[in-house]
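Summary of the model geometry
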Amino acid sequence: MHEIVITNGTIVDGTGADRFTGDIGIDDGVITAISSEVGSLVGERTLDAEAAIVAPGWVDVHTHFDGQAAWDDTLDPSFSNGVTTLVMGNCGVGFAPCPPGGEATLIELMEGVEDIPGTALYEGVPWGAWSSFPEYLDHLGQRSYGLDIAAQLAHGALRYTVMGERGVRNEESTAEDIAEMRRLTAEATAAGAVGFTTSRTIFHRSLDGTAVPGTYANLDELSELVQGMADGGGGVFEAITSSSLGDLEAFGGERFSQTEEMDMLATISKTTGQPITFTTVQSGDHPDAWREVLDFVDEQNALGAQLRPQVCSRSIGLLSSLAGYHPFMRRQAYLEIADLPVAERAAAMRDPEMRTRILNDIDIAPPNPGSMEALYEVLQSFIPNMYEVDEIVDYEPTLDTSFGARAEALGVPALELAYDFFVEGDGSNVAARHGAGYADGNLDAVREMLSHQHTITGLADAGAHVKLICDGTMPTTQITLWARDRTRGEQLPLEFLVNKQTLNNANLYGFDDRGSIEVGKRADINVIDLERLQVRRPEPHADLPAGGWRFLQPVQGYKATFVNGVQTRSNDSDTGERPGRLVRG
């Protein structure tokens, strides 16, 4: 007799093996029996999974819940998208270590890089509850969640703690600075940090517009810090490299080439013995550069490196709406009505006189050059390549449905067509630019990157970019898009897709007790109605501290989610159970 039996489900076990119909027995949070004979296992409680997919819980290795984990116990959007283990602290930004009184600098870094409202972070995070990274982990370790969390040490916080304003200004570190940072990295890893992370792209800026600490760090500094991670027991080095998002000429241009960055990562991995995962996407500036990266990885891994390009499972979408960021948000006339509720603002913008003023007015630069509001000119340039977002989101739209193509057919400026779309009705319309991964107007490049033997899936950025990007649903659309819905090219096998975001990711981070449905593994399980599984258009939710709001996408089709053998979700609803804990490396 088992505590729980999931019966008659189509089991996709996460190993990549063929699916089969069967039963799963669970006791004390562990999978204790698997049978291909339906009905052979008996449980005190039985969940009928007929016609449903039974898969391991998703392991999302690229999130930014570093602040939210201090006040929230659900951690949406991951919680409602089948994620049972997440990794945060990515991109070199985080909240520990934090010297006394240093929270303002770290908040401005997080707000500038990840678009998380500073007001929410000031109010929601219990500043002063920790100063060191081990103390931060101890604080998180006292809390319970709807899923498991793991934390990485962020280069920005580390550099600021050791070097103060010199670190913030990206001055070169001294031998003494590097030695202390290495010591603290070893200390953090020994306490349970699962990785060390850095950002080297100028797209990542603090609120004042300056590059985040560590952006220009040299090989000596990075090698020593990764060696410090090895000293503490080992982990994963995560990086978003210079030139990985393109040339970024609009921001002054990247300092280091893709070749320089790849050579550096290979050297660090081979000299320290540590695995490295790094952002790899298709950029519009160099649409085929990602192929060079994958070829380089094949070559270097054969020579002893452990390079794991981190790829997305759909294009990275930049959202635009009246509720969030849009091309007209800094027009002088628009600023007169910017504080009105969205529906009232839309009505005011439909007034012919106001429409003419806004469309022809000058832009007023925002006070914080590193804020997402400073993207107004970029969003204006993006308009021709933006698409309307329907209730059921199309993640591979055809080019003829873009604002640019439609405007040309109608003989009107694309900016005017977009303006009229944004101000329709109650002003809730959303448009999206399908950015990284969509340079060819399709997802063929994304498919090829997903299929590569050394890549891992990530880059969903759950918990971040709350008004600009809503990609925390990538774990769900990885299944719906590639195993069911894609019509503009080849799909991918469900078994492969499940493995890619379960055991493949778990193994990289050393989470040996999860990631597959095997006897002895943790009972982290999703039961999915694949026919009903769906992601809908982003909606604004005012659920952050200090009245902050964010975009979330409604998701349906998860019949059940189990974390450590406890059911946390039932038919897309929260059960109220909080079995999730901090996972230490």
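Structural data are supplied above this passage.
Below, the structure is looked at part by part. A quick note: this is a predicted structure, and the numbers were derived from the prediction, not measured. (Residues numbered from 1 in each chain as written. Predicted model: local features only at pLDDT ≥ 70, side-chain atom pairs only at ≥ 80, totals over all residues. Heavy atoms only, no water.)

**Here we look at the nonpolar core**
Note the threshold: Only buried residues count toward a nonpolar core. Its members are Ala, Val, Leu, Ile, Met, Phe, Trp, Tyr and Cys residues joined through side-chain atoms within 4.5 Å. Remark: exposure states derive from per-residue accessible area (1.4 Å probe, protein chains only) relative to the maximum for the residue type, with buried under 20%, exposed over 50%, and partly exposed in between. Any pair of residues with heavy atoms lying within 4.5 Å of one another is described as a contacting pair.
Counting residues in each nonpolar core, the largest one holds 99 residues, and the members touching the most others are M88, F133, I149, F237 and L307. Here F237 is in contact with F196, T198, L222, V226, M229, L265, I268, P275, I276 and T277, once residues within four sequence places are set aside. Ranked by size, the runner-up nonpolar core spans 40 residues in total, among them M354, V378, L379 and L468.

**Quick notes on helix α9 (residues 289–301)**
As a reminder of what qualifies: Put simply, DSSP marks the helices as runs of H or I at least four residues long and the strands as runs of E at least two long, and each gets a number from the N terminus on. A helix is expected to span 1.5 Å for every residue after the first. Working note: the arc is built from the helix axis to C-beta atom directions.
The end-to-end C-alpha distance of α9 is 18 Å, a good match for the 18 Å that 13 residues give at a rise of 1.5 Å each. Those residues of α9 not exposed but buried are A289, W290, V293, L294, F296, V297, Q300 and N301. Projection of α9 onto a plane perpendicular to its axis shows the buried side chains occupying an angular sector of 160°, all on one side. Opposite the buried face of α9, at more than 90 degrees from it, the exposed residues are E292 and D295.

**Quick look at the pattern of salt bridges**
Pairs can form between side chains of opposite charge whenever their charged atoms are close. The criterion, for reference: Salt bridges, as used here, are contacts in which a Lys or Arg side-chain nitrogen is within 4 Å of a carboxyl oxygen on Asp or Glu.
Inspection of every chain in the model, using the stated rule, returns 33 salt bridges. Note that E373 and R330 form a salt bridge whose closest N and O atoms lie 3.0 Å from each other. Of this pair, E373 sits in the loop between α12 (352–360) and α13 (376–382) while R330 sits in the loop between β14 (317–320) and α10 (332–335), placing them 43 residues apart in sequence. Assessed through its relative accessible area of 30%, E373 is described here as partly exposed.

**Some remarks on the packing of aromatic side chains**
Put simply, the rule reads: Pairing of aromatic rings covers Phe, Tyr and Trp, the last through its six-membered ring, and needs centres within 6.5 Å; plane angles under 30 degrees mean stacked, over 60 mean edge-to-face, and all others mean tilted.
Overall, the coordinates contain 11 aromatic pairs when judged by the stated rule. On the numbers, 5.0 Å between centres and 80° between planes, the contact of F328 with Y419 is edge-to-face. Taken together, the residues F328 in the loop between β14 and α10 and Y419 in helix α15 (residues 414–422) connect sequence positions 91 residues apart. Owing to a relative accessible area of 0%, Y419 belongs among the buried residues under this scheme.

**Structural notes on the layout of surface pockets**
Unfilled space is identified by rolling a water-sized probe across the atoms. Quick note on the threshold: Points on a 1 Å grid, built from protein atoms alone, make a cavity when a 1.4 Å probe fits but cannot get out and make a pocket when they are open with protein on both sides within 12 Å along at least 5 of 7 lines; residues with an atom within 4 Å of a point are the lining residues. Grid points are joined across faces, edges and corners, and a volume is the space filled by probe spheres set on the points. Note on residue categories: nonpolar means Ala, Val, Leu, Ile, Met, Phe, Trp, Tyr, Cys or Pro, charged means Asp, Glu, Lys or Arg, and polar means any other residue, Gly included.
Within this model, the largest pocket holds a volume of roughly 1000 Å³. Residue lining of the largest pocket: 43 residues in total, with L245, L318, F382, R433 and A436 positioned closest to the centre. Considering every element that reaches the lining of the largest pocket, the biggest residue donor is α13, with four residues. For the lining of the largest pocket, the residue count by class is 23 nonpolar, 13 polar and seven charged. Its boundaries defined by the atoms lining it, the second largest pocket holds a volume of some 480 Å³. Lining the second largest pocket are 26 residues, with G324, Y325, E373, K467 and W549 positioned closest to its centre. Partitioning the lining of the second largest pocket into residue classes produces 13 nonpolar, seven polar and six charged.

**A short note on the sheet that holds strand β15 (residues 386–388)**
Strands belonging to one sheet form pairs held by backbone hydrogen bonds; the direction of such a pair is parallel or antiparallel. Cut-off, in case you're wondering: Note on pairing: DSSP must find at least two bridges between two strands before they are called paired. Fitted lines through C-alpha atoms serve as axes, helices being fitted only where they are in contact, and the angles separating the N-to-C directions of these axes extend from 0 to 180 degrees.
Sheet architecture is open: three strands sit in the order β14-β16-β15, paired in antiparallel fashion. Each edge of the open sheet carries a strand with a single partner, namely β14 and β15. The average angle at which neighbouring strand axes cross in this sheet is 35°, direction not considered. When β14 meets strand β16 (residues 431–434), the two strands line up antiparallel, connected through four bridges.

**Side note on unusual backbone geometry**
Of note, the bond from D76 into P77 is cis; its omega dihedral lies within 30 degrees of zero at 10°. Assignment of secondary structure puts P77 in the loop between β6 (58–60) and β7 (83–88). Of note, the bond from A96 into P97 is cis; its omega dihedral lies within 30 degrees of zero at -5°. Here P97 lies in the loop between β7 and α1 (103–114). Of note in the backbone geometry, N564 takes a positive phi value of approximately 55° without being a glycine. Of note, N564 is situated in the loop between β23 (558–563) and β24 (566–570).

**Some details on the pairing of strand β12 (residues 276–279)**
Keep this limit in mind: If the strands point away from the viewer and the path from the first strand over the helix to the second runs clockwise, then the crossover is right-handed.
On β12, burial covers both faces: I276 and F278 on one face and T277 and T279 on the other are all buried. Two elements, strand β11 (residues 236–240) and β12, share three bridges in a ladder whose sense is parallel. By the bridge assignment, E238 is partnered in β12 with T277. In the classification by handedness, the crossover that spans β11, the intervening helix α8 (residues 258–272) and the parallel β12 is right-handed. Sheet analysis places β12 next to strand β13 (residues 307–311), joined by four bridges and oriented parallel. In the strand pairing of β13, T277 is matched with R308.

**So, the pairing of β24**
In the sheet, β23 pairs with β24 via four bridges, with the strands oriented antiparallel. Within the sheet, the bridge partner assigned to T561 lies in β24 and is R569. Between β23 and β24, which pair antiparallel and follow one another directly, the connecting turn spans two residues, one of which, N564, has a positive phi of 55°. A loop of two residues connects β24 with strand β25 (residues 573–574), the two strands running antiparallel in sequence, and N571 in this loop sits at a positive phi of about 50°.

**Quick word on the packing of α9 against helix α16 (residues 444–451)**
Note the following rule: Oblique is the label for any angle not covered by the other classes, which are roughly parallel (under 35 degrees), roughly antiparallel (over 145) and roughly perpendicular (65 to 115).
Two elements in contact, α9 and α16, have axes whose closest approach is 11 Å; the angle formed by their N-to-C orientations is 10°. Between α9 and α16, the interaxial angle falls into the category roughly parallel. Where α9 approaches α16, its residues W290, R291 and L294 are matched on the opposing element by A445, E448 and M449. Residue composition of the contact of α9 with α16, grouped by class: four nonpolar, no polar and two charged.

**Quick word on the packing of α8 against α9**
What describes two packed helices is the angle between their axes and the distance between those same axes. Cut-off, in case you're wondering: A crossing counts as left-handed when the near helix is turned anticlockwise from the far one by less than a right angle, and as right-handed when that turn is clockwise.
The geometry of α8 relative to α9 is characterised by a closest axis approach of 11 Å and an angle of 25° between their N-to-C directions. Between α8 and α9, the crossing angle belongs to the class labelled roughly parallel. For α8 against α9, the interelement crossing comes out right-handed. Along its contact with α8, which presents Q258, M262, D263, A266 and K270, the element α9 presents A289, E292, V293, F296 and Q300. A per-class count over the contact of α8 with α9 returns five nonpolar, two polar and three charged.

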